Amino acid sequence: MPDQPYVIDPAGADLHGEADLLRERGAAALIELPGGIRAWAPTQYEILKRLLADDRVSKDPNQHWPAWISGEYRESWITLWVGVTNMFTAYGADHRRLRKLVSPAFTKRCTDALKPRIEELAATLLDRMAEAPDGRVDLRSAYAHPLPMQVICELFGLPEDRRADTARLIEANMDTTITPEQAMATYREIHELLAGLVAAKRERPGDDLTTALITARDEEGSQLAESELIDTLLLVIGAGHETTVNLIGNAVHALLTHPEQLLRVHSGEIPWSEVIEETLRWAPSIANLPLRYAVEDIKLPDGTLIARGDAILATYAAAGRDPLRHGESAGRFDLSRADKEHLAFGHGVHYCIGAPLARLEASLALPALFARFPDLSLDDTHGPARLAESFIGHGYRVLPVRLG
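Per an unreviewed UniProt entry, the chain carries the name Cytochrome P450 and comes from Streptomyces mirabilis.

Right under this line is the structure:
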């Protein structure tokens, strides 16, 4: 790799400002991630889309990332993302095998069957919010987080006494400012928690997806290893709620800071589906996703060479606001925009398996919230909304609102 990479802010304080600076460096910019990890950051929508679907790009560090294979970065934050064995880090036949285990549960048909339960949960949470004595709540902790968390926990049979720790560990996983010691402690604790869940479900099976995965694991001749089972649970439980938390929070913040557009939604002129897609383009739940690796040399149209073994960061936030795709107004939240195409759920064989569930939850949660509290507004009485410290996750850690 060439010298002088752009050093990424671990806290992600200005994700879109960084993306603008990286665009000035070409179709893909050399960057340095926390811990000295070097990678390429595609800055253009079309380039990223092409790389996401390119067979010459892998997600398996054990086969295609020389630095990892040689033992580098094994005890750092990146272990939480690449030191797992599930469909997130699999390549080729292994990816197809692992994805096949869970994909039937996340089809649109299956997730649509969850609609009555999601509506029920949303109504319950809104009732609790209405009881706030001063009419002020943190929307994330009161609504945006517990709704998708409850849905995914019920799907996988995660008992009540494990949910708080699971949520805490998933949040720690998304925090890219933690020390290597904190990262490894998080890695060990979350694997112990999920191993305990598997042991409990083996003893007392239930009508849930964890039991279904265990059954597949324990079938004679099964190719699913125990580590793959636990890491698959980590992936689907974590990604199955955290990204939707951000989608709901980002959509609410965008609407409350663009009141003229919110009025058009209230009037029925603009459907909620357009709110969801523009939010995913303008403020995707995952800004940057580590990591992919070049299986062979890849030359980009502008002459940039991504050499075999080089790491690649999937830059969804940069792609969503790429002026080459969305014009000079790419940085503006605009519900009337004709082209809202985005890569927020990925592209190609690794396209997010939970996309139908995320869209369904948001399509129910958002209109229910604004119907119940039509005068909802941001509340900075005790401080402004605060983004999570992460260059990976893109969402609000605290989102204070006044119910009106």
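**Student:** For the overall build of the chain, give the residues involved together with the corresponding values.
**Tutor:** Assigned secondary structure in the chain consists of 19 helices and 13 strands. The C-alpha atoms of the chain give a radius of gyration of 21 Å, which matches the 22 Å a tight globule of 404 residues would have. Viewed in the frame of its principal axes, the chain has a C-alpha envelope of about 60 × 55 × 40 Å. Sorting the 404 residues of the chain into buried and exposed places 56% on the buried side. For the chain, contacts bridging at least 24 residues in sequence account for 72% of all contacts bridging at least 6.

**Student:** Account for the pattern of salt bridges, with residues named and values stated.
**Tutor:** Summed over the entire model, instances satisfying the criterion amount to 27 salt bridges. When the shortest N-O distance is used, the salt bridge between Arg97 and Glu228 registers 2.8 Å. In this pair, Arg97 is assigned in helix H6 (residues 93-102) and Glu228 in helix H14 (residues 226-256), connecting sequence segments 131 residues apart. Note that Lys108 is salt-bridged to Asp112, the shortest N-O span being 2.9 Å. In this pair, Lys108 and Asp112 both sit in helix H7 (residues 108-112), four residues apart, roughly one turn of the helix. Lys108 gets classed as exposed once you look at its relative accessible area, which sits at 54%. You can call Asp112 partly exposed: its relative accessible area is 32%. Taken together, the shared-partner salt bridges connect Glu46, Lys49, Arg325, Asp339 and Glu341 into one network.

**Student:** Lay out the environment of Ala41 in plain terms, naming residues and giving numbers.
**Tutor:** With respect to the helices, strands and loops of the structure, Ala41 is situated in strand E3 (residues 37-42). When the C-alpha atoms of Ala41 and Ala318 are compared, they prove to be 9.2 Å apart, with 277 residues separating the residues in sequence. Beyond its immediate chain neighbours, meaning those up to four positions away, Ala41 contacts Leu22, Ala27, Ala28, Ala29, Ile31, Leu313 and Thr315.

**Student:** Would you mind going over the environment of Leu229 in detail, with residue names and values included?
**Tutor:** Summarising the element assignment, Leu229 is placed in helix H14. By relative accessible area, which is 0% here, Leu229 ends up buried. Considering only alpha carbons, one finds Leu229 and Ala122, 107 residues apart in sequence, at a separation of 31 Å.

**Student:** Would you mind going over H6 in detail, with residue names and values included?
**Tutor:** Within H6, the full set of buried residues consists of His95, Leu98, Arg99 and Val102. Here the buried residues of H6 occupy an arc of 100 degrees about the axis, which is enough to place them on one side. Residues of H6 that are exposed and point more than 90 degrees away from the buried face comprise Ala93, Arg96 and Lys100. As for H6, its buried residues are in contact with helix H13 (209-218) and H14.

**Student:** I'd like a description of the pairing of strand E9 (residues 311-315), backed by residues and values.
**Tutor:** In summary, the side chains of a regular strand alternate between the two faces of the sheet. Of all five residues making up E9, five are buried, and the element is well covered by its neighbours. Side chains Ala311, Leu313 and Thr315 of E9 all project onto a buried face; the interleaved residues Ile312 and Ala314 project onto the opposite face, where all are buried too. Strand direction decides the pairing type here: strand E6 (residues 288-294) and E9, joined by four bridges, are antiparallel. Considered in E9, the bridge of Arg292 is made with Ile312.

**Student:** Outline the environment of Gly238, listing residues and values.
**Tutor:** Mapped onto the secondary structure, Gly238 falls in helix H14. Residues Gly238 and Asp297, 59 residues apart in the sequence, show an inter-C-alpha distance of 33 Å. Setting aside residues no more than four positions away along its own chain, Gly238 makes contact with Ile170 and Leu233.

**Student:** Any details on the nonpolar core? Residues and values, ideally.
**Tutor:** Among the nonpolar cores identified, the biggest contains 121 residues, and Leu33, Trp65, Trp81, Met129, Val252, Leu291 and Leu369 are the most heavily contacted of them. At 15 residues, H14 tops the list of elements feeding residues into this core. In contact with Leu291, other than residues within four places in its own chain, are Leu33, Ile37, Ala39, Lys59, Trp65, Ile78, Val82, Ala311, Ile312 and Leu313. Counting residues in hydrophobic clusters, the runner-up holds twelve residues, among them Trp40, Val57, Ala294 and Ile312.

**Student:** I'd love a proper account of the pairing of E6, names of residues and values included.
**Tutor:** Among the seven residues of E6, seven are classified as buried, and the element is accordingly described as predominantly covered. Examined bridge by bridge, strand E4 (residues 57-58) and E6 share two bridges and lie antiparallel to one another. By the bridge assignment, Ser58 is partnered in E6 with Tyr293.

**Student:** I'd like a description of H13, backed by residues and values.
**Tutor:** Each full turn of the α-helix corresponds to 3.6 residues, which orients residues three or four apart in the same direction. Listed as buried for H13 are Thr210, Thr211, Leu213, Ile214 and Ala216. Elements that come into contact with the buried residues of H13 comprise H6, helix H10 (146-156), helix H12 (180-203) and H14. Put simply, Asp208 is the residue that caps the front of H13, since its side-chain oxygen is 3.2 Å from the backbone nitrogen of Thr210.

Rules used in this analysis
Residues numbered from 1 in each chain as written. Predicted model: local features only at pLDDT ≥ 70, side-chain atom pairs only at ≥ 80, totals over all residues. Heavy atoms only, no water. Helix = DSSP H or I, 4+ residues; strand = E, 2+ residues; numbered from the N terminus. Rg over C-alpha atoms; globule rule 2.2 N^0.38 Å. Buried < 20%, exposed > 50% of the residue type's maximum accessible area, 1.4 Å probe, protein only. Contact = heavy atoms within 4.5 Å. Salt bridge = Lys/Arg side-chain N within 4 Å of Asp/Glu carboxyl O. Arc of directions from axis to C-beta. Pairing = 2+ DSSP bridges. Core = buried A, V, L, I, M, F, W, Y, C linked by side-chain atoms within 4.5 Å. Polar contact = N/O pair within 3.5 Å; in protein donor to acceptor, adjacent residues only side chain to side chain.

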